[in-house]
Amino acid sequence: MIFTDSHAHLTLPAFDADREEVIHRAREAGLRHLCTVGSLSRDADAARALAEKHGFIRFIAGLHPHDAKLWDESTLPRLETLASHPRLLAVGEIGLDYHYDFSPRERQREVFREQIGAARRLGLPVVIHTREAHEDTLRILDEEKGEEAGGVFHCFSGNAEMARYAVERGYRISFSGSVTFKNAGDLREIAARVPPALLLTETDAPFLSPHPHRGRRNEPLRVMEVVTKLAEIQGTTPDAMGEQTTRNFEAAFPRLRSA
Ligand SMILES: [Zn+2]
Ligand SMILES: [Zn+2]
């Protein structure tokens, strides 16, 4: 079986003790690609360094909505510098998180707009994080012409309307371990109707361990469980789903297509 983890935070301290072992375990089991997420306020340089070290690892960089309050005049130049790196795939994760409200909502919206604009100028897709902010997320994507950048709704937790919005505009929809949770019947119904060519898989490690590991540290190896669940939902085999989502990942990012 081959599989791809389109979104993990491998440079967070949760992996400091055994990062290389974690990567090795996943690779041995069939991991074809991994994209690690760097925050412009924290670990973007570490994410870049990890992507330089391993041929199958790429990275993205952006300012997470939690950290929107930290956006200052140095942030955009940092993003632009990182964006020229050949192993950077997209601007992200960016978006809105009204669940935690770690940054004021108005600030989150401004910083989301800034980064969609930057992605369009740079010719890069976006990786979108949205939680309990569906209406504002879609409105801002419309107003900032997000579909010109294209990209991914990561760790999809939206409703059918959001899925339809994404599919109509050609965004990819990435599912995480949350699709395996016992109470996620609605999410599985939505996943069943996403066109196979737009599906991606991720762990969001160290967060969101799939059932039955929920609550423990997640790691890229466990994307297999997301692949297996998606295969069951879509009525195909895990092998076919792993292959499909790996090809989808390769098609989702211009820098992988030309590589
Ligand atoms: Zn996220
Ligand atoms: Zn994330």
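Relevant structure appears above.
Here we summarise the structure given alongside this text. (Residues numbered from 1 in each chain as written. Chains lettered and ligands numbered in written order. Predicted model: local features only at pLDDT ≥ 70, side-chain atom pairs only at ≥ 80, totals over all residues. Heavy atoms only, no water.)

**With respect to the packing of helix 9 (residues 223–234) against helix 10 (residues 238–252)**
Following both chains from N to C, one finds helix 9 and helix 10 inclined at 105°, their axes separated by 8 Å at the closest point. Classed by the angle they form, the pair helix 9 and helix 10 counts as roughly perpendicular. Facing V227, T228, L230, A231 and Q234 of helix 9, the residues of helix 10 in contact are P238, M241 and G242. Across the contact of helix 9 with helix 10, the residue classes break down as five nonpolar, three polar and no charged. (Axes fitted to C-alpha atoms, helices over the stretch in contact; angles between N-to-C directions. Helix = DSSP H or I, 4+ residues; strand = E, 2+ residues; numbered from the N terminus. Parallel < 35°, antiparallel > 145°, perpendicular 65-115°, else oblique. Contact = heavy atoms within 4.5 Å. Nonpolar A, V, L, I, M, F, W, Y, C, P; charged D, E, K, R; others polar.)

**As for the coordination of the zinc ion (ligand 1)**
Protein-derived coordination of the zinc ion (ligand 1) comes from E93 (OE), H129 (ND1) and H154 (NE2), at a distance range of 1.9 to 2.1 Å. Of note, the donors binding the zinc ion (ligand 1) are all from one chain and are spaced E-x35-H-x24-H. (Donors = N, O, S within 2.8 Å, 3.2 Å for Na, K, Ca; no water.)

**A closer look at the side chain of H85**
Inspection of the secondary structure puts H85 in the loop between helix 3 (75–83) and strand 4 (88–97). What H85 contacts, discounting residues up to four positions off in sequence, is R48, E52, F59 and R255.

**Overview of the coordination of the zinc ion (ligand 2)**
Donor atoms from the polypeptide that bind the zinc ion (ligand 2) are H7 (NE2), H9 (NE2), E93 (OE) and D204 (OD), placed at 2.1 to 2.3 Å. Viewed at the metal, the four donor atoms of the zinc ion (ligand 2) are separated by angles of 88 to 177°, and the geometry they form is irregular. Linear spacing of the donor residues for the zinc ion (ligand 2) on their chain is H-x1-H-x83-E-x110-D. Between the zinc ion (ligand 2) and the zinc ion (ligand 1), a spacing of 3.4 Å is present, and a bridge between the two is formed by E93. Taken together, the residues span a long stretch of sequence, with H9 in the loop between strand 1 (3–8) and helix 1 (19–29) and E93 in strand 4 at a distance of 84 residues. (Tetrahedral: all angles 85-135°; square planar, octahedral: opposite > 155°, others 65-115°.)

Any functional reading would require information beyond the geometric quantities listed.
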